[in-house]
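# What the coordinates show
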Amino acid sequence: MTPEPILRIRGLKTQFQSAAGVVRAVDGVDLDVYPGEIVGIVGESGSGKSALAFSILRLTTGRIVAGEVQFRGQNLLDLREAEMEKLRGDRIAMIFQDPMTSLNPLMRVGKQIGEALRYHLRLSRRAATAKAAELLQAVHLPDARRRVHDYPHQLSGGQRQRVAIAMGISCTPDLLIADEPTTALDVTIQAQILNLISETRQRTNTAVLLITHDLGVVAQLCDRVAVMYAGQVVEQGRTADVFADPQHPYTIGLLGSTPHGRQRGEPLRPIPGQPPRPGEIVAGCPFAPRCTLAEEHCRRRAPDLIHIGGGRHARCLLRTEVAYESAS
Amino acid sequence: MRRYVTQRLLSAVIVLFGVSIMVFMVLHLTPGDPVEIMLGPTARPGDIERLRAELGLTDPLPVQYVRWVSRALQGDLGRSIQLNRPVLPELLSRFQATLILAVAAAIIAFSLGLLLGVISAVNHNRLVDRVVAGFAMLAVSMPAFWVGMIGIVVFAVNLRWLPASGMYPPQGTPSWGKLLAHLVMPAATLALVPMAVIARFTRSQMLEVLSQEFVLTARAKGVPRARVIIDHAFGNTLVALITLLGLEAGILLAGAVYVETVFAWPGIGSLMVEAILKRDFPIVQGGVLVIATSYVLINLLTDLLHAAADPRIRVT
């Protein structure tokens, strides 16, 4: 028997109003996250991965127009704001991309870490600071006991991201959403932070939703991966399977355009063309204009996300036919 | 931090030095010979020469400057031609009245300005925001002296709620209550424009802060929205506004001149207006020096406050 997913997203749509019209940033996303696993969300900038993350926490500036976000069996979209506040930072926490801007420059880091503890666990100021020092020790910040009294500007980028992680795991959440947590960091620091996230998962069994555009990060860390394109999940499956045998032409292109998916000596092949502009509505498959395998009907009919066996899903008419053929 | 304070103090001293030179030059750049003015058109040439030598006006300018500064440092700013009294005590007693007025206006302008700005930003683009914006626009565009006169007509003449002018009633013993009644209208008039300016800057600064990621971090931690605004956004807004608040404090001090004239407030502004009209140069000179010095002090205080409030400045 498979365990229940801790997070089950169905048909989630988030839209932004812009001068160019309605932008469908998240356009019908289905996604499951099981307890203790790390799920990667990859895609180009503008593919809707961050909008998805913010929609889960209901912190998006856009409007969630449809769908469900089931967290431990409860639809978050039905909750009142006060109930949502109880959940944020306690059961679902988030880490942001740029540790230079994601910490309050005027507040000591110990106090910032302690905030969630004070709101959710009702700790006293003193207990919260003590716990903050412990958390900083847990994320391997040297001299943690003294560092709680530091201001963010006294720490390096990597150290700040450790603080952000300490903040995220302070109440041992069930789900940690990490929005490009290493993008703003030096390469050597990136590896340390990724190790830290993986270590945290092992220690606390916290599920992690890792948003990234870096396939190397996904390969290194994620149990499963969802590839996003134009606000939709186009392929989903176990990381090893997806990397070894990508099913969606976009995934194939993505792997071909980065060094991680290539043999040494093989040239990189960028995906031709551009993703649809925000607000642009493409008839048929949104990837068809860039797809080397696209056929006539790809430009007319939008494909659904189809289970293609082995826990894998793809949103491609070509695969759909294969799936239908093998089923019949 | 210590180095920063020393630096600021040093630059304040340098500015004051420049101010003293300018103030000193006022007397020498004014058309007409002060001695001739003092003695009048009927004076004999010999008397003029004698008084000029007596006053040290025949010495080279640097010598005169040093003498003037060393006297000023000892609190001797000369004697008023009109009142025939030492300038400094006169200036100080008038300056006290100005200070009371300016501080009262600052309390009104800062508290209401910040409050309105925050309310506006939090209700971005909603009705409240637009009402505040309209009110601020109106307040900025109305000249203070006109508002003061309208206030006198409405509250003093027609409604008889508040006294029209002065600091205390002409008869009777002064008291806090009487002072307060006399203070309300001039302080409110003086506060109006700075309040509107502060409200507008607070609004835009607060919006800027609210769009920053650490605000989102706080929300993602589960901090309620109201607490995010109080604990995270307001502090950062205030730090960014300290410079503006310092400037406005200076403006309140200098702007008091108009309001003092309209409400016959016995402050340094109205004293200087009288002195200018009567060519009482020692008073003008001393008055400029006092106001300029307080300006420099406010600036110094602003910088130090900024350093104290923003940890990023402290280490450099």
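Above: the structure in question.
The numbering scheme is per chain: residues are counted from 1 as the chain's sequence reads. Numbering of ligands from 1 and lettering of chains from A proceed in the order in which they are written. Local features in a predicted model are, by the rule used here, given only for residues with pLDDT of at least 70; side-chain atom pairs are given and counted only at 80 or more, and totals for whole chains, interfaces and linings are based on all residues. The basis for every side-chain value is the complete set of heavy atoms in the structure, and neither hydrogens nor water enter the calculation.

### A short note on the nonpolar core
With 55 residues, the main nonpolar core has A:L136, A:V163, A:I165, A:L210 and A:Y250 as its most contacted residues. Setting aside chain neighbours within four positions, we find A:V163 in contact with A:L103, A:V109, A:I113, A:L136 and A:L155. Nonpolar core, defined: a set of buried Ala, Val, Leu, Ile, Met, Phe, Trp, Tyr and Cys residues in which side-chain atoms within 4.5 Å join the residues together. For every residue, the accessible area obtained with a 1.4 Å probe (protein chains only) is divided by the maximum for its type, and the residue is called buried under 20%, exposed over 50%, and partly exposed between those limits. Every residue pair with non-hydrogen atoms within 4.5 Å of one another is taken to be in contact.

### Focus: the packing of helix α10 (residues 225–263) of chain B against helix α12 (residues 281–309) of chain B
Residue and element names in this part refer to chain B. A fitted line through C-alpha atoms serves as each axis, taken over the contacting stretch for helices, and the angle formed by two N-to-C directions is quoted from 0 to 180°. A run of H or I in DSSP becomes a helix once it reaches four residues, and a run of E becomes a strand once it reaches two; helices and strands are each numbered from the N terminus. At a closest axis distance of 9 Å, the pairing of α10 and α12 adopts a crossing angle of 165 degrees. By the angle between their directions, the pair α10 and α12 is classed as roughly antiparallel. Relative to α12, the crossing made by α10 is right-handed. Contacts between α10 and α12 involve V239, I242, T243, G246, A249, G250, I251, L253 and A254 on the former and, on the latter, S294, Y295, I298, T302, L305, H306 and A309. Gly counts as polar in this scheme, as do all residues outside two lists: the nonpolar Ala, Val, Leu, Ile, Met, Phe, Trp, Tyr, Cys and Pro, and the charged Asp, Glu, Lys and Arg. For the contact of α10 with α12, the residue count by class is 10 nonpolar, 6 polar and no charged. Any angle that falls under 35 degrees is termed roughly parallel, while one over 145 is termed roughly antiparallel, one within 65 to 115 roughly perpendicular, and all others oblique. Crossing handedness follows the turn of the near helix against the far one: under a right angle anticlockwise gives a left-handed crossing, and clockwise gives a right-handed one.

### Points about helix α11 (residues 268–277) of chain B
Those residues of α11(B) that sit buried are B:I268, B:G269, B:S270, B:L271, B:M272 and B:A275. Immediately beyond the C-terminal end of α11(B), within one or two residues, lies B:R279, with a positive phi of roughly 55 degrees.

### Some words on the pairing of strand β4 (residues 63–71) of chain A
Side chains on a regular strand alternate between the two faces of the sheet. Residues and elements named next belong to chain A. In short, DSSP must find at least two bridges between two strands for them to pair. Relative to β4, strand β1 (residues 7–18) runs antiparallel, the two sharing 7 bridges. Bridge assignment links Q15 to a residue of β4, and that residue is R63. Summarising the sheet, β4 and strand β5 (residues 74–75) pair through 2 bridges and their orientation is antiparallel. Looking at β5, one finds that Q70 is bridged to N75.

### What about the interface of chain B and chain A?
Facing 23 residues of chain B, the contacting portion of chain A comprises 27 residues. Buried area counts how much accessible surface, traced with a 1.4 Å probe, disappears from two parts once they are put together, with both parts' losses summed. Across the chain B/chain A interface, buried area totals approximately 2100 Å², and carbon plus sulfur atoms make up 60% of it. Of all residues in chain B, B:E213, B:A220 and B:K221 give up the largest surface area on contact with chain A, accounting jointly for 29% of the area buried on that side. The term salt bridge refers to a side-chain nitrogen of Lys or Arg lying within 4 Å of a carboxyl oxygen of Asp or Glu. Counting the contacts that link chain B with chain A gives 3 salt bridges. In this structure, A:E85 engages B:R219 in a salt bridge whose closest nitrogen and oxygen atoms are separated by 3.6 Å. Here a polar contact means two N or O atoms within 3.5 Å. Within protein one must be a hydrogen donor candidate and the other an acceptor candidate, and residues neighboring in sequence count only if both atoms are side-chain atoms. Between chain B and chain A we count 15 residue pairs in polar contact (both at pLDDT 80 or more) in total. Among the secondary structure elements, those contributing two or more residues to the side of chain B that touches chain A are α9 (213–220), α10 and α13 (311–314) of chain B. Looking at the side of chain B that touches chain A element by element, the count peaks at 7 residues for α10(B). Residues of the side of chain B that touches chain A, tallied by class, amount to 9 nonpolar, 5 polar and 9 charged.

Everything listed is a geometric property; what it means functionally is a separate question.
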